[in-house]
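Results of the structural survey
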Amino acid sequence: MKRYAVEKVQEGNKKYFYIMDMETFEIALYPSKYLKHKTNSNRSPNTVKRYAFSLCCYLEYLAEKEMDFAQVCDLDFEEQSDHFTRYLYWLKEGNHTEKKRIGDANNGTCNAYLKDAFGFYLFMAECGYVKELQVLSYNQITVTNGIGVRRTMRYNAFKGYMKAEERDVRAAMEEEIIHTLQACTNSRDQLLLLLLAETGFRIGEILGVNYSRDIDYENHTIGVYFRDDNDNNARAKNAEYRKAKVSDDTFNFLLHYLAEYRSLLQYQCYLFINISGDTAGHPLKADSVYSMLERAAQKTGTLLTPHMLRRYFAVTRWKAEWPLELISQALGHKHLDTTIQYLGILDDKLTEASREFYAKHSTNYGIDRML
């Protein structure tokens with residue numbers, strides 16, 4: 001049994017997470033202060049919850065090593081590097097779960113858990129609770145280029161991160177979407193799939209849609225806004241506003257859904273709600289969406305995810321020759337490089353573009369005369 005557990009308390013619209021020591025039944029003071037700080041900094045409840053579970057894992061590791069935060073900070077550079085590198089491999093062995101399975105955590109997950117622990121140590125140092133970790137110090141070197149311009153380069157001292165695996169998430173195929181739509185048992189689930197495929201919104205964004213404020217019924221567009229009071233914790237990533245136009249057929253299906261579930265929808269403002277059970281009429285949560293997709297997969301043999309539908313949106317627009325900048329804006333990406341990596345198009349398109357360029361221009365720099 002794990003020694004530490006994540007607990008939650010709600011004050012008004014805010015959800016606060018804290019960590020409880022299940023042996024002493026005391027609150028882990030400093031980690032809980034850190035989590036409260038993150039909540040008050042307007043981080044989403046889901047993000048703070050992730051921090052909480054990450055810190056729980058690190059506390060379990062410290063308990064095994066019979067160490068506390070101050071002792072870790074007192075270690076020299078090499079000892080600290082060894083401490084945190086061993087923690088990464090401790091995570092890799094599956095110690096972050098109740099059911100320990102070696103290799104259960106991928107490298108990216110292990111790195112993320114460690115970065116969360118580092119964020120906590122930085123907070124502790126800034127508050128004066130402990131001294132700064134040496135592995136979090138920055139080294140810097142100054143270099144001079146050929147025309148005498150000096151440039152200072154800074155880099156983090158800790159070099160123990162695992163090499164992160166590339167994300168292997170493919171785009172959904174149209175046939176898979178059709179089969180999953182046919183496997184759905186109600187119009188709510190069908191509408192959810194259609195909107196994910198036609199807007200490219202993230203699951204957290206689509207679940208936060210307010211049907212009275214976010215839908216333009218004249219122009220058939222749906223918008224996503226940042227709000228920090230969503231009952232289902234759904235938020236627009238990066239606190240941005242975007243809107244997307246959907247097809248006439250899908251918009252008509254949306255109107256059909258609103259009419260079918262009017263008796264439940266009229267008492268709240270979220271577009272997607274629970275339609276049965278004790279929580280009927282309450283906002284739909286992401287966990288319920290993933291459960292629905294797993295049930296559909298038992299019928300179709302293919303498990304779709306919201307992220308696969310988001311990639312479907314991106315790939316189909318790219319094939320339809322949308323400009324890359326337009327796709328990036330539709331996806332809500334901050335940087336164009338993210339969209340390029342997201343589509344996985346760079347190598348193929350660069351090769352094809354280069355082939356077409358040389359075929360048209362035939363620039364050979366007089367190589368034939370040198371042979």
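Everything numeric here is computed off the predicted structure, so don't read it as measured data.

Turning our eyes to something else, we now look at the overall build of the chain. Along the chain, the regular secondary structure elements total 16 helices and eight strands. In the chain, once contacts between residues fewer than 6 apart in sequence are set aside, the share between residues at least 24 apart is 55%. As presented, the chain carries roughly 21,800 Å² of accessible surface, and 49% of it is formed by carbon and sulfur atoms.

Within the chain, residue pLDDT values average 85, and 81% of them lie at 70 or more. The least confident element of the chain is strand S4 (residues 138–144), whose mean pLDDT is 55; the most confident is helix H7 (residues 187–199), at 97.

Here we take up unusual backbone geometry. The residue Asn42 is not glycine, and still its phi comes out positive at about 70 degrees. By the secondary structure assignment, Asn42 is in the loop between helix H1 (29–40) and helix H2 (45–65). Residue Asn42 is classed as partly exposed on the basis of its relative accessible area of 32%. Located in the positive-phi region is His220, a residue other than glycine, with phi close to 60 degrees. Along the polypeptide, His220 turns up in the loop between strand S6 (215–216) and strand S7 (221–224). Using a relative accessible area of 17% as the deciding quantity, one classes His220 as buried.

Now for the pattern of salt bridges. Inspection of every chain in the model, using the stated rule, returns nine salt bridges. Here Asp116 makes a salt bridge to Arg50, at a shortest N to O gap of 2.9 Å. Of this pair, Asp116 sits in helix H5 (residues 107–127) while Arg50 sits in helix H2, and the two are 66 residues apart along the sequence. With a relative accessible area of 7%, Asp116 lands in the buried category. Taking relative accessible area as the criterion, Arg50 reaches 42% and is therefore assigned partly exposed. The salt bridge involving Glu176 is made with Arg170; its shortest N-O contact spans 2.7 Å. The exposure class of Arg170 is partly exposed, given its relative accessible area of 40%. Sharing partners across several salt bridges, the network here consists of Arg3, Asp21 and Glu23.

With that out of the way, let us pick up the sheet that holds S7. Taking strand neighbours across the sheet as the criterion, the three strands line up as S6-S7-S8 in an open arrangement whose pairing is antiparallel. At either end of the open sheet lies a strand with only one pairing partner, and these are S6 and strand S8 (242–245). Of the pairings in the sheet, the one linking S6 to S7 comprises two bridges and is antiparallel in character. Bridging across to S7, Ile215 finds its partner in Ile222.

On to the nonpolar core. Core analysis: the largest hydrophobic core is formed by 41 residues, its most contacted members being Leu35, Tyr58, Phe69, Phe84, Tyr87, Tyr121 and Leu133. Elements with a minimum of two residues in this core: strand S1 (4–11), strand S2 (14–21), H1, H2, helix H3 (69–74), helix H4 (77–95) and H5. Broken down by element, the residue count for this core peaks at ten residues, all from H2. Leave out the neighbours within four places in its chain, and Tyr121 touches Tyr58, Leu62, Phe69, Val72, Cys73, Phe84, Leu133 and Leu136. One finds Leu193, Leu196, Ile215 and Leu304 within the second-largest nonpolar core, a separate group that totals 38 residues.

Right, let's get into the pairing of S1. Regular strands have side chains that alternate between both faces of the sheet. Summarising the sheet, S1 and S2 pair through eight bridges and their orientation is antiparallel. Residue pairing for S2: Lys8 is matched across the bridge by Phe17. A loop of two residues connects S1 with S2, the two strands running antiparallel in sequence, and Gly12 in this loop sits at a positive phi of about 65 degrees.

Attention now goes to the side chain of Ser54. With respect to the secondary-structure elements, Ser54 resides in helix H2. Within the local environment of Ser54, its side chain forms a polar contact with the side chain of Asp116, the two groups lying 2.7 Å apart. If we skip the residues at most four places from it in the chain, Ser54 touches Tyr87, Tyr113 and Asp116.

Now for the sheet that holds S2. Pairing is antiparallel across the open sheet formed by three strands, whose spatial order is S1-S2-S3. Looking at strand neighbours, the two that pair on one side only are S1 and strand S3 (26–27), the edges of this open sheet. Summarising the sheet, S2 and S3 pair through two bridges and their orientation is antiparallel. Among the inter-strand pairings, Asp21 is bridged to a residue of S3, identified as Glu26. Strands in contact with H1 are S2 and S3; relative to S2, the strand with the most contacts, it is inclined by about 170 degrees.

Parameters at a glance
- Residues numbered from 1 in each chain as written.
- Predicted model: local features only at pLDDT ≥ 70, side-chain atom pairs only at ≥ 80, totals over all residues.
- Heavy atoms only, no water.
- Helix = DSSP H or I, 4+ residues; strand = E, 2+ residues; numbered from the N terminus.
- Contact = heavy atoms within 4.5 Å.
- Areas by Shrake-Rupley, 256 points an atom, 1.4 Å probe, with all protein chains shown as cover.
- pLDDT = per-residue confidence, 0-100.
- Buried < 20%, exposed > 50% of the residue type's maximum accessible area, 1.4 Å probe, protein only.
- Salt bridge = Lys/Arg side-chain N within 4 Å of Asp/Glu carboxyl O.
- Pairing = 2+ DSSP bridges.
- Core = buried A, V, L, I, M, F, W, Y, C linked by side-chain atoms within 4.5 Å.
- Polar contact = N/O pair within 3.5 Å; in protein donor to acceptor, adjacent residues only side chain to side chain.
- Axes fitted to C-alpha atoms, helices over the stretch in contact; angles between N-to-C directions.

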